[in-house]
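# Structure assessment
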Amino acid sequence: MTTNNSTPDAATHWLTLPTRFSWWVLLATMLILIAASIGAKNLYFRGDYSIFFEDDNVQLRAFDEIQTTFAKSDNLAIVIAPESGTVFEPETLTLLQQITQDAWQIPFSNRVDSLANYQHTEAYQDDLIVEDLLLEDYPLTSERIEKIKQIALSEPVVKDSLVSRNGDVAVVNITLQLPQLDETAEILEISHSSDQLIAKYQQLYPNVEFHKAGIVALNYAFMDSAQEDSMTLIPTMLLVILVFLTAMLRSLLSVVATLAVIIMSVLATFGISGWVGIFLSTSTVNIPTLVMTLAVADCVHVISTMRQYMKKGHSKQYAIDQSIVINFVPIMITSVTTAIGFLMMNMSDSPILRDFGNLAALGVMIACFLSVSMLPAMLKLLPIRIKPQPEGEQAPSDVMDKLGDLVVKYRQWLLPSSVLVIAATAALIPLNRVNDESVKYFDTSSEFRQAADFMEDHISGMTNISIAVKTNESQGIADPEFLKTISDFTDWLRNQPETDHVASLSDVYKRLNKNMHADDESYYRLPLERELAAQYLLLYEMSLPYGLDLNNQVNVDKSSIKMVLTTDNLGSVELVDLENRIYNWFASTAPQYEVVASSPSLMFAHIGETNMASMLSTLPITLILISALMVFALRSFRLGMISIVPNIAPAVIGFGVWALFSGEINLGLSVVVTLTLGIVVDDAVHFLSKYQRARKMGQSAEEAVRYAFHTVGRALWITTVVLVSGFLVLAMSSFRLNADMGQLSAMVIFLALVVDFVFLPALLMRFDTASYAESEKSEATPANNVTPQIQN
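Keep in mind the model is a prediction, meaning the values are calculated, not measured. (Residues numbered from 1 in each chain as written. Predicted model: local features only at pLDDT ≥ 70, side-chain atom pairs only at ≥ 80, totals over all residues. Heavy atoms only, no water.)

### Side note on the overall build of the chain
Scanning the chain from terminus to terminus reveals 26 helices and 12 strands. Looking at the chain residue by residue over its 792 residues, the buried ones come to 60%. Residue pairs at least 24 apart in sequence account for 81% of intrachain contacts in the chain once pairs closer than 6 positions are excluded. (Helix = DSSP H or I, 4+ residues; strand = E, 2+ residues; numbered from the N terminus. Buried < 20%, exposed > 50% of the residue type's maximum accessible area, 1.4 Å probe, protein only. Contact = heavy atoms within 4.5 Å.)

### Quick notes on a negative patch on the surface
On the surface, Asp224, Glu228, Asp443 and Glu447 cluster together into a negatively charged patch. Within the fold, Asp224 resides in helix α7 (residues 215–249). (Patch = residues over 30% accessible without salt bridge, like charges linked within 9 Å, V, L, I, M, F, W, Y side chains within 5 Å. Areas by Shrake-Rupley, 256 points an atom, 1.4 Å probe, with all protein chains shown as cover. Salt bridge = Lys/Arg side-chain N within 4 Å of Asp/Glu carboxyl O. Lys, Arg positive; Asp, Glu negative; His and termini not counted. Charge placed at Lys NZ, Arg CZ, Asp CG, Glu CD.)

### What about the UniProt feature "domain: SSD" (unreviewed entry) in the chain?
Under the UniProt annotation, "domain: SSD" (unreviewed entry) lies at residues 256–381 and 639–766. Segment residues 256–381 splits into 82% helix and 0% strand. End C-alpha atoms: 12 Å apart. Between the C-alpha atoms that bound residues 639–766 the distance is 12 Å, and the span itself is 85% helix and 2% strand. (UniProt positions renumbered as here; feature names shortened; annotations may be inferred.)

### Concerning the side chain of Thr337
Summarising the element assignment, Thr337 is placed in helix α10 (residues 316–343). Residues contacting Thr337, with those up to four places away along its chain left out, are Ile626, Leu629, Gly678 and Val681.

### Side note on the pattern of salt bridges
With the rule as written, the count across this model stands at 25 salt bridges. For Asp549, the salt bridge identified is with Arg111, shortest N-O distance 3.9 Å. Here Asp549 is found in the loop between α18 (530–543) and β10 (560–567), whereas its partner Arg111 is found in strand β2 (residues 109–113), with 438 residues between them in sequence. By relative accessible area, which is 30% here, Asp549 ends up partly exposed.

### So, unusual backbone geometry
At Ala518, a position not held by glycine, the phi torsion is positive, near 60 degrees. With respect to the helices, strands and loops of the structure, Ala518 is situated in the loop between α17 (505–515) and α18. Overall, Ala518 belongs to the exposed group, its relative accessible area being 60%. Positive phi outside glycine occurs at Lys558, with the angle close to 60 degrees. Considering the arrangement of structural elements, one finds Lys558 in the loop between α18 and β10.

### Details of the nonpolar core
The tendency in soluble globular proteins is for nonpolar side chains to be buried side by side. Membership of the largest hydrophobic core comes to 166 residues, with the highest contact counts inside it found for Phe52 and Phe342. Every residue in contact with Phe52, bar those within four places of it in the chain, is listed here: Phe222, Asp349, Ser350, Pro351, Ile352, Phe604, Ile607, Leu667, Phe735 and Leu737. In terms of nonpolar packing, the next biggest core, distinct from the first, is built from 46 residues, Leu415, Ala633, Leu677 and Val712 among them. (Core = buried A, V, L, I, M, F, W, Y, C linked by side-chain atoms within 4.5 Å.)

### Digging into the packing of aromatic side chains
This model, assessed by the stated rule, comprises 24 aromatic pairs. Aromatic pair Phe53 and Phe604: ring centres 5.0 Å apart, planes at 65 degrees, arrangement edge-to-face. Here Phe53, found in the loop between α2 (22–37) and α3 (58–69), pairs with Phe604, found in helix α20 (residues 600–634); they are 551 residues apart in sequence, far enough to count as distant. Accessibility assignment for this pair places Phe53 and Phe604 in one class, buried. (Phe/Tyr/Trp six-rings, centres within 6.5 Å; stacked < 30°, edge-to-face > 60°.)

As structure tokens, then:
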């Protein structure tokens, strides 16, 4: 039995510090980690939709301009659906009156719109009557209800907005003016208050179904998803790690050491993010699951190699030292390449995706540092014992040896078969399309998603576009030419197949013109004189009660109007196409007017496409950097170049397969290529480093492939299982951006193992046929290389 316990050479002497000064190294690392972790006290959470966009984002600036010019349109919609199938009955109309009155008490509300307070206008002799449609002075007799129904289902302003065209659903729309001092707290306050309001009326009206929708509900859904993920995914990930590590490492103390590295990596990552001012969000709240999996990958390689040395009869300290010496460069290179992949997310147009990439890169490097400092020190101090294999006894052939033999045996057809699979899946990639639908970011179990789906089925979608049309002339909106343009544009919008509702000032002008002509239907048209139009609008505005004025549609100097287009819940492709048609209509029909269109839905529609473009533009840079690092790590241009294709192939196959069962690339998936590229390199670096080590020992390419399978195959299998499990835990997220990212990343990482076990060895045996100069004797000693030559 070999018991060589010689000290490593001077060049790697510093790598043995953790085993020579274990307590001091452990104390120093713990002090550093504690100092870093204290920064977690500065962390805070933001869940509003605006965190997805940069301040200079074109669509966000357009939206802010519209919000500044007109009243803010942040809203909360309460959807009311009686079991009777009609809102036009005394009980439901009474409910609408009561809940509309109480809705004014919602924090930060500055306007409430519903059937109850819709400002209906009609002529009475020479007077213009403007009053609530459900004015409490009028008893709800059958005749009165019939009149209310006739008005509600004929007015374009009301139908498909405040009441469904079938009359089975009504909406109370609450407009909110948030101070934005602490938007997260404000949204929580609004949500809590609205929940209490709905609970009150749910108890009073048990036969009525209530739902919450609107922008504020969307913001709350983002927060709720993040909270749910943090409460379920992180504990699940810890459990998965415990189960897999215990089963695969078969050493409880090794698992304890690994968990210590994992936990401290996560704490330090969040602590440093707190020090530098990065807040938690729907995206970054899932960083722990990612850091956990990446930390495990480093630890498994160190522990697996240590166990192999101890089985050969070496002392624990020597085994740990040799494991660090052998694995240091591969761990460093894989960590750096993984960090580069994450850092390339800084080219993303979404700030929280940049934060995600930066925190993940930070976590990777912290885990790398701890795996070669804190981990070996703990392994030295813990009473870990491995029973040595008796001298002369041949190690039992395991699955990896058999797999290596099969790959060598069938290498002639594995290479063309692999190329064929890669080419076939690459051909499928164009079938994918970039498409984001913000409503479908949430799982069907989400209350917000259920409300949005219910609204789309019964009244209208939640997707909308605010359209500001500017005359650039004070009082210019009263110009008959402008009014005709707006009327024509309104008609055009209503003829678009995606349209559910259009809120347009032209409808108000037509109704007022009819009212001022004794409600003669033949006068339901635009006024033909500018002065008359201005007088109508002034008279109408003077008659409106406080809180229900037109400042949500008309700016202060009457030079601009805002229209609101509500559509089906469209994907980003359809929504951007509709936006382009709107701009094209004005460019060809009324180029004299300036038009600005925006909304949160439209912002999300644009960011997916721009994000994918920016990510693809950084891909060549990432590939060059990673390839250069591979060449440097292996000190072989040939092996570095051979590794490029296997490193790209998993993403190619993954996106090809994705086209078959989904085909939609959303904001989360747009970063998968850069996110996984560095992780994928992990398998290739470790396999190639062991392959190259065998080749320098004088072995043939075939023998070196067997050697790599024997020495590192099991460790690669363990790390892949843990990484895939981690991303599959992320795939359990109720937030689709995280779930899709987790699914596709898990697929790509698993494919990376398959490619590195099948395609990479076939490539090496076909193209790496040149002889290697035999290394120094000490490097070729079987004891130092853990494993003797593996033969058929």
